[in-house]
Amino acid sequence: MKKDEGNNLLPRPPIIVVMGHVDHGKTTLLDYIRQTNVAIKEAGGITQSIGAYEIEHSGKKITFIDTPGHEAFSKMRARGTQVADLAILVVAADEGVKPQTKEALGHIQAAKLPFIVAINKIDKPDVNLDRVKNELMTAGILLEGYGGNVSWQAVSAKTGQGVSELLDLILLAAELENLKYEPAGQTQGVIIEVHLDSRRGIVASVIVKNGILRVGQGIATPTAGGKIKSLENFLGKKADSLEPSSPALLLGFDSLPQVGEEFLAREVKLGIIEEMPLVTVKRPLTVPLEDSQKLKVILKADNTGSLEVLDDIIKNLPSTKSLEILEKGIGKINENNLKLALTTQALVIGFKVDLDKAAENLKNIHNIKVITSEIIYELLKELEDYLTLLKKTANLQAELEVLAVFGVPEKNKQIIGGRITKGPIKNQQKFEVWRKEQSFTQGRILNLQEQRKDVPEAEAGKEVGLLIEADDIIKVGDKLKVFV
Ligand code: GDP
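Note that the structure is predicted; figures quoted are calculated from it, not measured.

With parallel pairing, the 4 strands of this open sheet are ordered in space as E19-E18-E20-E21. A single partner strand is all that each edge strand has here, and the edge strands are strand E19 (323-330) and strand E21 (370-373). In this sheet, adjacent strand axes meet at a mean angle of 20 degrees when their direction is disregarded. As paired strands, strand E18 (residues 295-301) and strand E20 (residues 347-351) are joined by 5 bridges and run parallel to one another. From the neighbouring strand, Val297 faces E20, where its bridge partner is Leu347. In the packing of helix H9 (residues 335-344) onto the sheet, contacts are made with E18, E19, E20 and E21, and the angle to E18 comes to roughly 175 degrees.

Counted according to the given criterion, the structure contains 3 aromatic pairs. Summarising the aromatic geometry, the rings of Trp434 and Phe483 are spaced 6.1 Å apart at their centres and angled 50 degrees between planes, so their arrangement reads as tilted. With Trp434 in strand E25 (residues 430-435) and Phe483 in strand E30 (residues 479-483), the pair connects residues that are 49 residues apart, well separated along the chain. Neither Trp434 nor Phe483 differs from the other in exposure class; each is buried. It is Arg435 that lies over the ring of Phe440; its NZ or CZ is 4.1 Å from the centre. Above the ring of Trp434, the side-chain terminus of Lys481 is found at 4.4 Å from the ring centroid.

For the rest of this paragraph, the subject is the side chain of Glu54. Structurally, Glu54 can be placed in strand E3 (residues 52-57). Among the polar contacts made by the side chain of Glu54, one reaches the side chain of Ser246 at a distance of 3.5 Å.

With that out of the way, let us pick up the packing of helix H1 (residues 26-37) against helix H6 (residues 163-177). Running from N to C, H1 and H6 cross one another at 90 degrees; their axes reach a closest spacing of 11 Å. By the criterion of interaxial angle, the relationship of H1 to H6 is roughly perpendicular. Residues Leu29, Tyr32, Ile33 and Asn37 of H1 form the contact with H6, whose own contacting residues are Val163, Leu166 and Leu167. Residue classes in the contact of H1 with H6 are distributed as 6 nonpolar, 1 polar and no charged.

Turning our eyes to something else, we now look at the pattern of salt bridges. Working definition: two side chains of opposite charge can pair if their charged atoms are close together. In this structure the tally under the stated criterion is 17 salt bridges. Put simply, Lys60 and Glu175 hold a salt bridge, and the shortest N to O gap is 3.6 Å. With a gap of 115 residues between them, Lys60 in strand E4 (residues 60-65) and Glu175 in helix H6 connect regions that are remote in the sequence. Residue Glu175 is classed as exposed on the basis of its relative accessible area of 55%. Asp85 is paired through a salt bridge with Lys209; the nearest N and O atoms lie 3.9 Å apart. Placement of Asp85 in the loop between helix H3 (71-78) and strand E5 (86-92) and of Lys209 in strand E10 (residues 201-210) is noted, with a sequence separation of 124 residues between them. Just as Asp85 is buried, Lys209 falls in that class too.

Across 8 bridges, the pairing between strand E22 (residues 396-410) and strand E23 (residues 413-422) is antiparallel. The partner of Phe406 across the bridge, within E23, is Ile415. Taking the residues that link successive antiparallel strands as the turn, the E22-E23 hairpin has 2 residues. Where E23 meets strand E29 (residues 463-470), 6 bridges bridge the pair, whose relative direction is antiparallel. Opposite Gly417, over in E29, you have Gly465 as the bridge partner.

Looking now at the site of the ligand. Surrounding the ligand, one finds 15 residues, the nearest of these being Asp23, Lys26, Thr27, Thr28 and Asp123. Take Ser156: an N or O atom from its side chain is 3.3 Å from an oxygen atom of the ligand. Contact with the protein chains removes 74% of the 570 Å² of surface that the ligand exposes when unbound. Ranked by residue count, the leading element in the shell around the ligand is H1, at 3 residues. Along the lines of polarity and charge, the residues of the shell around the ligand split into 2 nonpolar, 7 polar and 6 charged.

Here the focus is the nonpolar core. Ranked by internal contacts, the top residues of the largest apolar core, which has 29 residues, are Ile33, Ile62, Phe64, Ile88, Ile116 and Ile170. Contributing elements (two or more residues each) for this core: strand E2 (15-20), H1, E3, E4, E5, strand E6 (115-120), H6 and strand E16 (247-253). Broken down by element, the residue count for this core peaks at 7 residues, all from H6. Leaving out residues up to four positions away in the same chain, Ile170 has contacts with Ile16, Ile62, Phe64, Leu86, Ile88 and Ile116. Core analysis: the second largest hydrophobic core is formed by 23 residues, Leu105, Ile108, Leu113 and Phe115 among them.

In this section: the packing of helix H4 (residues 99-110) against H9. The packing of two helices is summarised by the inter-axis angle and the distance between the axes. The geometry of H4 relative to H9 is characterised by a closest axis approach of 9 Å and an angle of 10 degrees between their N-to-C directions. Accordingly, the angle class assigned to the pair H4 and H9 is roughly parallel. Seen from H4, the contacting residues are Glu103, Gly106, His107 and Ala110; seen from H9, they are Asn336, Lys339, Leu340, Thr343 and Thr344. Of the residues belonging to the contact of H4 with H9, the class tally is 2 nonpolar, 5 polar and 2 charged.

To continue, consider the confidence of the model for the protein chain. For any part of a model where pLDDT is low, the fine detail of the predicted coordinates should not be relied upon. Chain-level pLDDT for the protein chain is 84 on average; 87% of the residues reach the 70-or-more range. Note on residues 270-286: pLDDT is under 50 here. Beyond four places in sequence and across chains, it has 48 contacts. Contacts from residues 288-292, a stretch scored under 50 in pLDDT, to residues over four places away or in other chains number 13 contacts.

End to end, H6 covers 21 Å across 15 residues, agreeing with the expected 21 Å (1.5 Å per residue, within 8%). Of the positions making up H6, those classed as buried are Val163, Leu166, Leu167, Leu169, Ile170, Leu171, Ala173 and Ala174. Phi for Asn178, located one or two positions after H6, is positive at around 50 degrees.

Conventions used here
- Starting afresh in each chain, residues are numbered from 1 along the sequence in its written order.
- Owing to the predicted nature of the model, reporting of local features is limited to residues with pLDDT of at least 70; listing and counting of side-chain atom pairs is limited to 80 or more, with chain, interface and lining totals taken over all residues.
- As a convention, hydrogens and water are excluded, and side-chain values are obtained from all of the structure's heavy atoms.
- Two strands qualify as a pair provided DSSP detects at least 2 bridges between them.
- A helix here means a DSSP run of H or I that spans at least four residues, while a strand means a run of E at least two residues long, and both kinds are numbered starting from the N terminus.
- Orientation is described by lines fitted to C-alpha atoms, with helices fitted over the stretch in contact, and by angles between N-to-C directions that extend from 0 to 180 degrees.
- Throughout, a contact is declared for two residues whenever any of their heavy atoms are within 4.5 Å.
- For Phe, Tyr and Trp, rings pair up if their centres lie within 6.5 Å, where Trp contributes its six-membered ring, and each pair is then called stacked (planes under 30 degrees apart), edge-to-face (over 60) or tilted (otherwise).
- With a 1.4 Å probe rolled over the protein chains alone, any residue whose accessible area is under 20% of its type maximum counts as buried; one over 50% counts as exposed, and the rest are partly exposed.
- By definition, being over a ring means that NZ of Lys or CZ of Arg is both within 6 Å of the ring centre and within 35 degrees of the ring normal.
- Under the rule applied, a polar contact is a pair of N or O atoms within 3.5 Å (in protein, one hydrogen donor and one hydrogen acceptor; residues adjacent in sequence only if both atoms are side-chain atoms).
- Small angles under 35 degrees read as roughly parallel and large ones over 145 as roughly antiparallel, with 65 to 115 read as roughly perpendicular and the rest as oblique.
- Each residue is assigned to one of three groups, with Ala, Val, Leu, Ile, Met, Phe, Trp, Tyr, Cys and Pro labelled nonpolar, Asp, Glu, Lys and Arg labelled charged, and all others, Gly among them, labelled polar.
- By salt bridge we mean one thing: a side-chain nitrogen of Lys or Arg within 4 Å of a carboxyl oxygen of Asp or Glu.
- By convention in these notes, a residue is near a molecule or strand provided one of its non-hydrogen atoms lies within 4 Å of it.
- Methods summary: accessible areas were calculated by the Shrake-Rupley approach with a probe of 1.4 Å, and residue burial reflects only the protein chains presented.
- To form a nonpolar core, buried Ala, Val, Leu, Ile, Met, Phe, Trp, Tyr and Cys residues must be joined to one another through side-chain atoms within 4.5 Å.
- What pLDDT reports is the predictor's confidence in each residue, on a scale of 0 through 100.
- To estimate the expected span of a helix, subtract one from its residue number and multiply by 1.5 Å.

As structure tokens, then:
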């Protein structure tokens, strides 16, 4: 393969996620592509899906994530991970654009993913392609040939009509993305499925995104770690190493990692920081105000009148410039609202409505910010408080995630190891300690070391050792935050 001069980058195949309204044919399409493009003799090895598969089309590889729907996708986005390079938005020709089509589009756009529309079920009698295209245009999808540049293909996942052309479009779009990886770089990827096998223990399905995944490497996610004992490709064949964008089955985790988590894998070396439990750092969730200077909001109210009031008040707030209304609607706050909030990091505001059960669950699991009240002034007060908190977060100068705690700590003498997620961090700086997204105590850096040498400051991405004093004892997983 041709190497990029200097950077030593190699091309990698695209990773595709299929999304769309329920029953529009996502599973059928994924099954059809798998059945017709994975060589039969090799496919003999497939006993069950590992959450993703790889095909070859026109001599080029494509990886498909075969857990359709938004669930896995949302989980990954919530963790700031992005596994897919490209999305296929499936729309059934007989039904056209449906609520979940729009929702999927919202997810795709929030993730800034390029996408291709597959208009499916064209084998059905009485389908009207023009009607579907019009609906797509109305939903804001500007199709190629109709004044826009979103590629689309009419297909039948049942008969296979148009599927080969769809794969051509995928390869074309992928080429434009110029996907690369560093073979000598940090091995990194995403956990796409996890299960506990009575015989083999913890079995994780992963997709490699950078570097090379090898048997024997230490592996870690923000919540779990271990050492890679064995690797299999998606056909169940043992492998010593796997390259991006290959799906792999991996054995060797000591504890259960979570779906959607990013992992790092590397040769385990000695040295003070390397001796730390191999825990990787979650890519910090982007702070809304820092990200785009706009806080996204989703508005719900009990009737049109209330919604108008809420909308009006939100639009006329002094801080309105920093708010963007993503969606507004009538009725209880539901699962879909929260899923959108999760992927876009939006704030949900409910006036005279509360959350339904599913939404309540999602809110609790993912710690999504929801403000509800029967009284508009209370809503405003809470909103103002939240904006103040965000402003504070936007003033974050430096942040470090605590990865290890050494010895028996005393308040005025704690030795910790951590990774800087926002920098630089400076010796002698005062910090707040955050636990579970809340300010918990404070302290000061007494000494800062990088690779066991004293340093005045250290940059983001670096792992450092620190001697600190704080009003409480620091734990692994805490964050030290320095504000302006
Ligand atoms: P999903 O919920 O999006 O994964 O949808 P499924 O793949 O489960 O498909 C829902 C239903 O539509 C199933 O009964 C499929 O057999 C049917 N279906 C899917 N694709 C096609 C197609 O291209 N043509 C026809 N006629 N039926 C299809």
